[in-house]
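Observations on the three-dimensional arrangement
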Amino acid sequence: MPDSTFLDSTELVLNMGPQHPSTHGVLRVILKLDGEKVLGTECVLGYLHRGVEKIAENRTYAQFNPYVDRMDYVAAISNGLGYCLAIEKLLNVEAPPRAQAIRVILTELNRIASHLLWLGTHALDIGAITPVFYCLREREEALKIFEKYCGARLTTHAFRIGGLLYETYEGFEQEIRDFCDMFIPKVDEYEELLTNNRIWVGRLKDVGILNAEECKEYGVTGPVLRAAGVKWDLRKAQPYSGYENYDFEIPTRENGDTYDRYIVRMEEMRQSVRIMRQAVEKIPAGPIMGKVGKVIKPPVGEAYVSIEAPKGELGYYVVSDGSTQPYRCRVRPPSFINLQALDRMIRGGLIADVVAVIGTLDIVLGEVDR
Amino acid sequence: MAEEEPPGGPPAPKPEGVEAAKVPAKPAADAVKPAPKPAAAPPPPKPPATMAATLWESDLATELKQRFGTQVRETSTYLGQNFVVVSPDSVISVLEHLKLEADFDYLVDLTLVDWPKRAERFDLIYILYSFARNERLRIKTPIADGYKPESAVSVHLTANWLEREAFDMFGVEFEGHPDMRRILLPDEWQGHPLRKDYGILQQDNRWVQENLGIESGQ
């Protein structure tokens, strides 16, 4: 008699995506479920694969520069910075100090824009509608600065190998200062909405835990690693583009759950403002372009250069055969590598947590698939 | 290593050079190809430029040489970045040793470079980082086409997807990998696009016709 009273719960395979609003693009996740419990996942990738690394081998160094913006398109400036630094390393030149300072300001502004898009969509996935409007409102201000600086809002192609193409526009410094003054109270505003919100805390605390050991095993970097208690940020560990001149903290937390990753990213936005404030006060005078020939032709050799992108370690491994085109240009994409830990993070959790964990990884499918 | 690879002489500098020349974006890279290192030697037959790497001397390099003997073929540094060339059979033990004894506990990236004219066609590259030392190290191992290197998943879990991508793009299969399938391209796709003999406009026409119902994706 008792056997027939209850419904039998058997394993179920559920397909999520590639067209699903909370997979943040064209990610397909196959879920194996027992009732609401997740028994395992498998990611199916490649829907946005464009063969970026193959394209690189068939373009000149300068021609490939705009392509990198199309990988992590919400943080295009970071992508461009990494690529330019890699080629500059191969050429053994450095951008002039003025270019470096402007690069830092724009990259940090882009980090804020990227984190804002993450926060808005993450909150939307969890069910909070308001934050996304707030976040996009402030992100708009950042995009306006990009647009004024280089004419584009998303795929900016802001930097050139060796420095910058564009001088800053009239009133650039003041607009950055205004942005900083405006932005910090807005972060408080987001935190007021979310940080102590019972639903928010209930949905995020102890969800998708990834501890420091697992992070290292899976090569996970960026805010995910820092939320697990590892105080590691490439801007501090191996400074580039003059980051050693600025005073800022690396926010960390201990538990490595979704809530901690939220706190870390919120604090990172404040630290980015701190860096921008310092940088804008001391932009050195001087040229904005280093000594790079019209035709970029690095000597035979290879180099791996990486930066702290909003999502983690973004690296470029470039091999030169002495011609005008890269012989091989490998991109080390943080989103792709962080996504690999998804299975570890949600195995044993609930199906409702899947969207929380995908959101907290902050992936961009343009970068996962390249 | 790059020694004899990039042929500075007249024969096509890149395997798909002819193919690429059709693409409007590349006007005359071949025409403007005087040896990048004119200081080497003016006569044309032997100016193949090589990477100006120098010997990397450090405790770690000595230790690796002592422990692995001739399996460690070269320890070099270029632009301040250190790399070690290792025989393919012992690369996993080197990775394991570095992880356990020298704190290189983070596999940053794994990738391949194709040198089609060389006997050992591919360079398999592991980029390592040590949090404790704040140091990077590249492990390179030259492998022949068809050779199946041992999978690094037993040492670094990150290698799982990275090796799948390497297989997808270059057709190098990793022995002992738990799930050796393509990752970015469709499972039935023929060909490995990042090989140098795979043209930039090339595609698997059959797959495109069967699955997309169009004659060609071009």
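Above this note sits the structure.
What counts, and where the lines are drawn
- Residues numbered from 1 in each chain as written.
- Chains lettered and ligands numbered in written order.
- Predicted model: local features only at pLDDT ≥ 70, side-chain atom pairs only at ≥ 80, totals over all residues.
- Heavy atoms only, no water.
- Helix = DSSP H or I, 4+ residues; strand = E, 2+ residues; numbered from the N terminus.
- Rg over C-alpha atoms; globule rule 2.2 N^0.38 Å.
- Buried < 20%, exposed > 50% of the residue type's maximum accessible area, 1.4 Å probe, protein only.
- Areas by Shrake-Rupley, 256 points an atom, 1.4 Å probe, with all protein chains shown as cover.
- Lys, Arg positive; Asp, Glu negative; His and termini not counted.
- Charge placed at Lys NZ, Arg CZ, Asp CG, Glu CD.
- Contact = heavy atoms within 4.5 Å.
- Polar contact = N/O pair within 3.5 Å; in protein donor to acceptor, adjacent residues only side chain to side chain.
- Phe/Tyr/Trp six-rings, centres within 6.5 Å; stacked < 30°, edge-to-face > 60°.
- Salt bridge = Lys/Arg side-chain N within 4 Å of Asp/Glu carboxyl O.
- Nonpolar A, V, L, I, M, F, W, Y, C, P; charged D, E, K, R; others polar.
- Pairing = 2+ DSSP bridges.
- Axes fitted to C-alpha atoms, helices over the stretch in contact; angles between N-to-C directions.
- Disulfide = S-S within 2.5 Å.
- Core = buried A, V, L, I, M, F, W, Y, C linked by side-chain atoms within 4.5 Å.
- Parallel < 35°, antiparallel > 145°, perpendicular 65-115°, else oblique.
- Patch = residues over 30% accessible without salt bridge, like charges linked within 9 Å, V, L, I, M, F, W, Y side chains within 5 Å.

Points about the overall build of chain A
Along the backbone of chain A there are 16 helices and 8 strands. What you see for chain A is a C-alpha radius of gyration of 21 Å, in line with the 21 Å of a compact globule of 370 residues. Overall, the C-alpha framework of chain A stretches about 85 × 45 × 35 Å when taken along its three principal axes. Put simply, chain A has 370 residues, and 62% of those count as buried. By element, 53% of the accessible surface of chain A is carried by carbon and sulfur atoms, the whole surface being about 13,200 Å². In chain A, which carries 44 positive and 51 negative side-chain charges, the distance between the mean positions of the two groups comes to 5 Å.

A word on the environment of lysine 99 of chain B
Residue and element names in this part refer to chain B. Here lysine 99 shows up in helix α3 (residues 91-101). Residue lysine 99 is classed as partly exposed on the basis of its relative accessible area, which comes to 25%. Residues lysine 99 and histidine 156, spaced 57 residues apart in sequence, show a C-alpha to C-alpha distance of 8.9 Å. Setting aside residues up to four positions removed in sequence, lysine 99 forms contacts with Phe104, Asp105, Val155 and His156. There is a polar contact of 2.7 Å between the side chain of lysine 99 and the backbone oxygen of valine 155.

A closer look at the packing of aromatic side chains
Ring pairs (aromatic) are described by centroid distance and by the angle formed between their planes. All names here are of chain A. Counted by the stated rule, this structure contains 23 aromatic pairs over all chains. Between tryptophan 118 and tyrosine 262, the ring centres sit 6.5 Å apart and the planes meet at 40 degrees, which makes this aromatic pair tilted. On the criterion of sequence distance, the pair formed by tryptophan 118 in helix α5 (residues 97-126) and tyrosine 262 in helix α12 (residues 258-281) is long-range, its members being 144 residues apart. Consider the rings of tyrosine 259 and tyrosine 262, whose centres lie 5.9 Å apart with planes at 45 degrees: the pair is tilted.

Brief notes about the interface of chain A and chain B
Every contact between the two is made by 56 residues of chain A and, on the other side, 62 residues of chain B. At the surface where chain A touches chain B, the tally comes to 8 salt bridges. As a salt-bridge pair, aspartate 109 of chain B and arginine 330 of chain A come within 2.9 Å of each other at their nearest N and O atoms. For the interface between chain A and chain B, the tally reads 31 residue pairs in polar contact (both at pLDDT 80 or more). Residue classes in the side of chain A that touches chain B are distributed as 23 nonpolar, 15 polar and 18 charged.

Looking at unusual backbone geometry
Phi at serine 241 of chain A is positive, roughly 50 degrees, even though this residue is not glycine. The buried category is assigned to serine 241 of chain A, whose relative accessible area is 7%.

As for the pattern of salt bridges
Side-chain pairing between opposite charges can occur once the charged atoms of the two side chains come close. Residues and elements named next belong to chain A. All chains considered together, the criterion is met by 47 salt bridges over all chains. Linking aspartate 181 and arginine 277 is a salt bridge whose minimum nitrogen-to-oxygen distance equals 2.8 Å. In this pair, aspartate 181 sits in helix α7 (residues 172-194) while arginine 277 sits in helix α12, placing the two residues 96 residues apart along the sequence. Taking the relative accessible area as the measure of exposure, aspartate 181 reaches 47% and is therefore partly exposed. Exposure remark for arginine 277: the relative accessible area of 35% places this residue in the partly exposed category. Among the salt bridges present, the one from arginine 253 reaches aspartate 260, with a minimum N-O distance of 3.1 Å. Taking the relative accessible area as the measure of exposure, arginine 253 reaches 27% and is therefore partly exposed.

Section: the sheet that holds strand β8 (residues 326-332) of chain A
Residues and elements named next belong to chain A. The 3 strands lie next to each other as β6-β7-β8, forming an open sheet whose pairing is antiparallel. The open sheet has two edge strands with one neighbour each: β6 (301-309) and β8. The mean inter-strand angle of the sheet, taken between neighbouring strand axes irrespective of direction, is 15 degrees. As paired elements, strand β7 (residues 312-320) and β8 share 6 bridges and run antiparallel to each other. Looking at β8, one finds that serine 320 is bridged to proline 326. The sheet contacts of helix α4 (residues 76-91) involve β6, β7 and β8, and relative to β6 the element is tilted by about 150 degrees.

What to know about the state of the cysteines
Working definition of a disulfide: a covalent bond connecting the sulfur atoms of two cysteines. Residues and elements named next belong to chain A. Tallied over the full model, the rule gives 0 disulfides over all chains. With no disulfide of its own, cysteine 135 lies 17 Å from the sulfur of cysteine 180, the closest cysteine sulfur. Looking at cysteine 135, the relative accessible area reads 0%, which means it is buried. Of the cysteine sulfurs around cysteine 329, a residue in no disulfide, the closest is that of cysteine 84, at 11 Å.

Digging into the nonpolar core
With 176 residues, the main nonpolar core has Leu45, Tyr262, Tyr316 and Leu339 of chain A together with Leu98, Tyr126 and Ile139 of chain B as its most contacted residues. Looking at this core element by element, the count peaks at 14 residues for α5 of chain A.

Things to note about the packing of α4 of chain A against α5 of chain A
Residues and elements named next belong to chain A. Running from N to C, α4 and α5 point in directions that differ by 140 degrees, and their axes come no closer than 8 Å. Between α4 and α5, the angle falls in the class oblique. Contacts between α4 and α5 involve Ala76, Ile77, Ser78, Leu81, Cys84, Leu85 and Glu88 from the first element and Arg103, Leu106, Thr107 and Asn110 from the second. Of the residues assigned to the contact of α4 with α5, the class counts are 6 nonpolar, 3 polar and 2 charged.

Things to note about a nonpolar patch on the surface
Residue and element names in this part refer to chain A. Taken together, the side chains of Leu124, Ile129 and Phe133 make up a nonpolar region of the molecular surface, amounting to roughly 300 Å² of accessible area. On the secondary structure map, phenylalanine 133 appears in helix α6 (residues 130-150). Since its relative accessible area comes to 55%, phenylalanine 133 is described here as exposed.

Section: the sheet that holds strand β5 (residues 122-130) of chain B
All names here are of chain B. If you trace the 6 strands from one edge of the open sheet to the other, you get β1-β2-β3-β6-β5-β4, paired in mixed fashion. Strand pairing shows two members of the sheet lacking a second neighbour, β1 (54-55) and β4 (106-114), which therefore form its edges. Here strand β3 (residues 81-86) pairs with strand β6 (residues 135-143) via 3 bridges, running parallel. When the sheet's bridge partners are listed, valine 84 is paired in β6 with isoleucine 139.

Some thoughts on helix α15 (residues 351-361) of chain A
Residues and elements named next belong to chain A. Most of α15 sits out of view: 9 of its 11 residues are buried. Within the span of α15, buried status applies to Asp353, Val354, Val355, Ala356, Val357, Ile358, Gly359, Thr360 and Leu361. Following α15 by one or two positions, aspartate 362 adopts a phi angle in the positive range, close to 55 degrees.

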